[in-house]
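# Close look at the chain arrangement
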Amino acid sequence: MMVSLKRPVLVLLAGTIALAAAVAAATQPPAARPAAPLTVISAEGQRPLPASQLGDQLVVALDDLAALLNLTVREDALSGGAAVGYKGRTVLLTAGQALASVSGRLVALPSPPVRDGRRWLVPVEFVGRALAGIYDTKLDIRKNSRLLLVGDVRVPRVAIREEPVGGQVRVTLEVAPKTTHTITQEGNHLLIRFDADALDTSIPAIAAQGVLQAVRLADPRGTIALDLGPKFGSYRASLVPHEQDAELVIDLVPAPAETPFPVTRPPAAAPPSGPPLPVPVLPPALRTVVLDPGHGGEEKGAAGPGGTLEKDVTLAIARRLKAGLESRLGVRVLLTREGDETVPLDDRAALANNNKGDLLISIHANASLRPGVSGAQIYYLSADEAGEEARRAAAARQSLPALGGGTRDVEMILWEVAQVRHLGDSAVLAGLAEEQMRQAVQLNPRPVQQAPFRVLAGANMPAVLVEVGFLTNAAEEERLKSEAHQEAIARALLEAVTRFRDARAQEPRASVPPTVPR
Amino acid sequence: MILWFVLAGIAVGAAAAATLVLSRWLATGETPAALDAPATAAEPRIKVRLFYVSADGLRLVPAEREVPFAEGTLEQARRIVEAQLEPAPAPLLSAIPPGTTLRSVFLTQSSEAFVDLSREVAAGHPGGALNEILTVYAIVDALTTNLPALTGVQIRVDGHEVDTLAGHVDLRRPLSKSTAWVEDPGAAPSTVPPTAPAAGPGTPEAPASVPIR
């Protein structure tokens, strides 16, 4: 009852009316108005449950509940009420009493059951407070979202708010409990798909302002759509995980106002006194990411006590990361193996180099003779080997005759030692991966290490090898098998790559000499 | 009181010098004048540091073992690797797959050791990058720690150069000693410091924000 406390008279009045209405409802044929149905969500899927509005109560018919949940309903002449049975257990309802007896225990209801012709109408709270006490799977009513949850279904609560932040539009989704999600842009819609059976959410009405036009529940089974307006340019999503819940923050960035298509003309053609030349459009900081799912085919890699194979875990995580990178960053993503194939280590680095990869992430799962060892580790190439190789590589520097006379320095890049020039960036990427993974999964006590790994040595781009956890640890093996954990790892690495790209975009790439062919 | 400190200092210095001299002798193959040989005196033995999987599983831990003394670096290297391939003393664990045997050792002119192991070292390897790192560096560090004249160790399998043992650690070239994988490396015997990484023309500086462990 929404009544201001400053108006005690009104409170009294409203209370009297409510009391009168309740008494009237118990004694007279009620006037139940049809209301939007509830949605019943169970492992079998979704079904509607008809509902009515009775005064300020949302009520459902016992017969409908009985059909849905395999209950028996019979008139109880003794109490003038109804008896609801399930597998030998009983809930007794008495006409005119806002109470139910659940296997002999009394629980309160917000309003009494009401006889409407041949039906009994009960407040929806009856399901959670009374029926749940005799039912053998979980029953949960989410009144605000009009959901009835049966059994172990994943229905996270999602609170959505929208606010302007510095010229951008920020949409924040508080998700409890933490639920994995994917974000994809399809035309003028940004779709946020949660790994859930349904969402417990109420969609806020927002004013269309050009960047964001509307927020919708695109699919009640777990997809929220942001309808994008004509001023939308790009988006950036980040996840802030908390103990129980998580905040998904999506910033919608407006497109730059009326940018004409950049016209390239030779510098000499520009009049000396004319307007300043447009700033040259830099190539994107990240175009191609190569993911290397470790092992494969005959090379099974490590194995857990439960039989989980490294090659399967690495491929599953790589596929998730690929999907995330493509949808979030819009970059080209290549896998060194698409399926369960044997691929030599040198071919993996070569694929990355031949496709002008900007980043190589090799994904592995670890093993130890000590089953207690657990936690993820991130590796980049060890410096002393690289230092040694750098000396050798320096000897390969040559001067070649250049077209039009003279000579120019040409650096002969030996792919065996190609990683040397990128060690600094690889270390940065490893540090970012550590930070992001620390928020998502358990890290090993020695989280960032350097080692002479062959797949890294040949990569002519920043490269790290991520050991997602120890398969030889039984508990970690279980986690690594789960889709939720694999998704959490992929998301952490996606965040790390996003931060790496952003950091790169902000600084001139001085570390890469412009004369060196990539 | 001060006198005692001075004397203690001299004693420590002398011990360090003796260790250094002993290791030089071993490296050059000269026979040391005195060895702590067992009572039988039939077979002179020397103390070496071998490396096993630490209790927390994250590193190698050095352990002192006696191995037969041998004339010359090559023969001594063979004795050390053979001892390293033996099962670990309880409760330590050997990082090297059981059944692995030494086929041969040879030295290059630049004092790199090539260690040829039987196929079990790869075929019987349980996999996992950390396992593989510990397998490789148990052998590399056993040789380079006890024979400081050695500049690097390259592992071969069954008479051939191999890419890796289990898909991670690059074995195409000799690896130098690494203390990064050894528990309490400060306790290791005094040796020639490992080659410092040279700042080659193409070597970018490691950023200060990322700890290099």
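So, a few notes on the structure that sits alongside this text. For every chain, the first residue of its written sequence is number 1, and the numbers climb from 1 along that sequence. Chain letters start at A and ligand numbers start at 1, both assigned in the order the entries are written. In keeping with the model being predicted, local features are shown solely for residues with a pLDDT of at least 70 and side-chain atom pairs are shown and tallied solely at 80 or more, while totals for entire chains, interfaces and linings include all residues. Only hydrogens and water are set aside when side-chain values are computed; all heavy atoms of the structure are taken into account.

### Here's the deal with the sheet that holds strand 10 (residues 119–123) of chain A
Residue and element names in this part refer to chain A. Strands pair, by our definition, only if DSSP identifies at least two bridges between them. Only DSSP runs of H or I with at least four residues qualify as helices, and only runs of E with at least two residues qualify as strands; both kinds are numbered from the N terminus onward. Within the open sheet, the 7 strands sit side by side as 9-10-3-2-1-12-11. Their pairing is mixed. Every other strand in the sheet has two partners, leaving strand 9 (114–116) and strand 11 (139–142) as the edge strands with one partner each. Here the strands of the sheet are splayed against their neighbours by 35° on average, with no regard to which way each runs. In terms of strand pairing, strand 11 meets strand 12 (residues 147–150) through 4 bridges, oriented antiparallel. Counted as the bridge partner of Asp-140 is Leu-149 from strand 12. Contacts from helix 2 (residues 62–69) reach strand 1 (33–42), strand 2 (45–54), strand 3 (57–61), strand 10, strand 11 and strand 12, with the element oriented near 60° to strand 3. What counts as an axis is a line fitted to C-alpha atoms, over the stretch in contact for a helix, and the angles between N-to-C directions run from 0 to 180 degrees. The contact criterion used throughout is that any non-hydrogen atoms of two residues lie within 4.5 Å.

### Focus on the pairing of strand 21 (residues 246–254) of chain A
Residues and elements named next belong to chain A. The pairing of strand 14 (residues 168–176) with strand 21 spans 7 bridges and is classified as antiparallel. Bridging from a neighbouring strand, Leu-173 pairs with Leu-248 of strand 21. Strand direction decides the pairing type here: strand 20 (residues 232–241) and strand 21, joined by 9 bridges, are antiparallel. In the strand pairing of strand 21, Val-240 is matched with Glu-247. Linking strand 20 to strand 21, which pair antiparallel, is a turn of 4 residues.

### Points about the sheet that holds strand 16 (residues 189–194) of chain A
All names here are of chain A. Taken in spatial order, the 4 strands of this open sheet run 15-16-19-18, and their pairing is antiparallel. With partners counted over all chains shown, the strands left at the sheet margins are strand 15 (181–186) and strand 18 (212–219), one partner each. With direction set aside, neighbouring strand axes in the sheet form an average angle of 20°. Pairing geometry for strand 18 and strand 19 (residues 223–228), over 6 bridges, is antiparallel.

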